[in-house]
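Chains, contacts and geometry: an overview
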Amino acid sequence: MIMTLHISSSIRCVGVNDAHATLFESQYPLPHGMSYNSYLILDEHIAITDTVDAHCIDQWLTNLDRELDGRRPEYLILHHLEPDHSAGIAAALQHYPEIKIVTSATAQRMLPQFFDTVDFDGRVKTVAEGDTLPLGTHTLQFIAAPMVHWPEVMVSYEQSEKVLFSADAFGKFGIADYPDNWVDEARRYYFNIVGKYGPQVISLLNKLEQPKIDVIAPLHGPWLNSNLQKYVELYKTWASYRPETNGVLVAYASIYGGTARAAQIMARNLRAMGVENVALMDLCVCSQSEAVAQAFRYSHLVVAAPTYDAGIYPAMHDFLYHLQIKGYKNRTAGVMENGSWAPTAGRQMMKMLEEMKNITIVEPMVTVRSRLNDQSTEAVLRLASSIKETLS
Ligand code: FEO
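The sections below set out a description of the structure shown in this document. (Residues numbered from 1 in each chain as written. Predicted model: local features only at pLDDT ≥ 70, side-chain atom pairs only at ≥ 80, totals over all residues. Heavy atoms only, no water.)

Considering the pairing of strand E9 (residues 100–103)
Bridge count for strand E8 (residues 75–77) against E9 is three bridges, and the pairing is parallel. Bridging from a neighbouring strand, Ile77 pairs with Val102 of E9. Note that E9 and strand E10 (residues 124–126) share three bridges and pair parallel. Its bridge partner lying in E10, Ile101 is registered against Val124. (Pairing = 2+ DSSP bridges. Helix = DSSP H or I, 4+ residues; strand = E, 2+ residues; numbered from the N terminus.)

Encoded structure:
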């Protein structure tokens, strides 16, 4: 699909909407496809920002030729070298032999790793924090953004139209013009792709407080031109690991329904106690990436899973592992286990949670023996009550 909505007459979208993409990074489901954004700045000197994923290169070059209408680009700005944005570099150098790459020194060092048959000698201009690239009436100012999401990342600010080319920051899953609420797929993108690097995101946000920004143009999803403070505030919340919603995610995995029932009773108890925001997610059915995003969203988490081969049932183990590697922290959690003859999952889930930073475990830990009975139902109620007490 061709992106046709341009930022302005001189800053045009030449990226590709891939409505048929099914997985991002070969692991994250894409129910609404994916966009790979590239922009064209038409001026006395013409610049292209970034490229697209490998299977979109032909469409990208077609988009470029259409918008260039016979003009020749001088610069290819590379904000980020991950292949979803850089796969078209060799094709661009071939299609526009005179074009010069403009990128960070770190990216320059990485380029041959991805393109070992391309001769980059004399074709790369490196830029660093604060450097500018005059294009005519437009001027790009470069801002280093290491580890948002890779070490070579930079963003750039176009001074005349006040456009921030924000790389992965402010990106989301889905084709750029998919009519959703932005926040759900942006949250899922943020915590699964960039979530581990909160301090680096905060550092970038601090640098962006000075220039007045009218448009944020990310590498994925729509460009943003209104209510920008709303997006920035969400990013500040996410990057500082503060909960976005005061409430409870009850995340469960269940083999034959016994644990599912306990999780449902937990959610029902919480709602009956007046907790307004309670989400219930079945880890065997939902995508792990959505469960991770929701865990970061809520202030409280209850995990419920059976014991399996003397360990944690795999869907729950996978969930907790993902929380660990994404830097889950600063939350309150409760644990419910199931085990028909030797329940051990609870202790092991608790250990995984305790290995994360600043996780407060709320008692009691609930043990279900196959199915809820009066004793375990009472324990679920007591855990719900303890969680309710910790909610402000
Ligand atoms: Fe969209 Fe880090 O690449």
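Remarks on a nonpolar patch on the surface
Residues Ile255, Tyr256 and Tyr308 make up a contiguous nonpolar surface patch of about 360 Å² in total accessible area. Residue position: Tyr256 is located in the loop between strand E16 (245–252) and helix H8 (258–272). Here Tyr256 falls in the exposed class, since its relative accessible area comes to 72%. (Patch = residues over 30% accessible without salt bridge, like charges linked within 9 Å, V, L, I, M, F, W, Y side chains within 5 Å. Areas by Shrake-Rupley, 256 points an atom, 1.4 Å probe, with all protein chains shown as cover. Salt bridge = Lys/Arg side-chain N within 4 Å of Asp/Glu carboxyl O. Buried < 20%, exposed > 50% of the residue type's maximum accessible area, 1.4 Å probe, protein only.)

What to know about the packing of aromatic side chains
Under the defined criterion, the tally for this structure stands at 19 aromatic pairs. Judged by centre distance (5.7 Å) and plane angle (70°), the rings of Phe24 and Phe173 are edge-to-face. Within this pair, whereas Phe24 is found in strand E3 (residues 23–24), its partner Phe173 is found in the loop between strand E14 (163–165) and helix H5 (183–194), the two being separated by 149 residues in sequence. Judged by its relative accessible area of 3%, Phe24 falls in the buried class. Accessibility expressed as a relative area gives 0% for Phe173, which makes it buried. Relative to Tyr235, the ring of Phe170 lies with its centre 4.2 Å away and its plane at 25°, an arrangement referred to as stacked. Here Phe170, found in the loop between E14 and H5, pairs with Tyr235, found in helix H7 (residues 228–239); they are 65 residues apart in sequence, far enough to count as distant. Take Phe170: its relative accessible area is 2%, and that puts it in the buried class. According to the relative accessible area criterion, Tyr235 is buried, its value standing at 1%. These aromatic residues form a ring-pair network of at least three members: Phe170, Trp182, Tyr190, Phe191, Tyr231, Tyr235, Trp238, Tyr241, Phe296 and Tyr328. (Phe/Tyr/Trp six-rings, centres within 6.5 Å; stacked < 30°, edge-to-face > 60°.)

A few points about the pattern of salt bridges
Close approach of charged atoms lets side chains of opposite charge pair. Here the structure, examined in full by the defined rule, presents 12 salt bridges. Here Glu67 makes a salt bridge to Arg66, at a shortest N to O gap of 3.0 Å. For Glu67, a relative accessible area of 8% translates into the label buried. By relative accessible area, Arg66 is classed as partly exposed at 36%. Of the charged contacts, one joins Glu185 and Arg188 as a salt bridge, the two residues approaching to 2.8 Å between their closest N and O atoms. In this pair, Glu185 and Arg188 are both assigned in helix H5, three residues apart and thus about one turn of the helix distant. Taken individually, Glu185 and Arg188 each receive the classification buried, so the pair is uniform in this respect. Each member of the salt-bridge network shares a partner with another, and the members are Arg12, Arg66 and Glu67.

Observations regarding the nonpolar core
The biggest cluster of nonpolar side chains holds 102 residues, and the ones touching the most others in it are Trp60, Ile89, Met316, Phe319, Leu320, Leu323 and Leu353. Not counting the four nearest positions on each side in its chain, Leu353 is found in contact with Leu301, Val303, Leu320, Ala333, Val335, Ile359 and Ile361. Within the second largest apolar cluster, 24 residues are counted, among which are Ala262, Ala267, Val362 and Leu383. (Core = buried A, V, L, I, M, F, W, Y, C linked by side-chain atoms within 4.5 Å. Contact = heavy atoms within 4.5 Å.)

Examining the packing of H5 against H7
One way to put it is that H5 packs onto H7 with a least axis distance of 11 Å and a crossing angle of 35°. As H5 packs across H7, the resulting crossing turns out to be right-handed. On H7, the residues that touch Val183, Ala186, Arg187, Tyr190 and Phe191 of H5 are Leu234, Tyr235, Trp238 and Ala239. Partitioning the contact of H5 with H7 into residue classes produces eight nonpolar, no polar and one charged. (Axes fitted to C-alpha atoms, helices over the stretch in contact; angles between N-to-C directions. Left-handed = near helix turned anticlockwise from the far one by under 90°. Nonpolar A, V, L, I, M, F, W, Y, C, P; charged D, E, K, R; others polar.)

It is worth stressing that arrangement in space is one thing and function is another; only the former is reported here.
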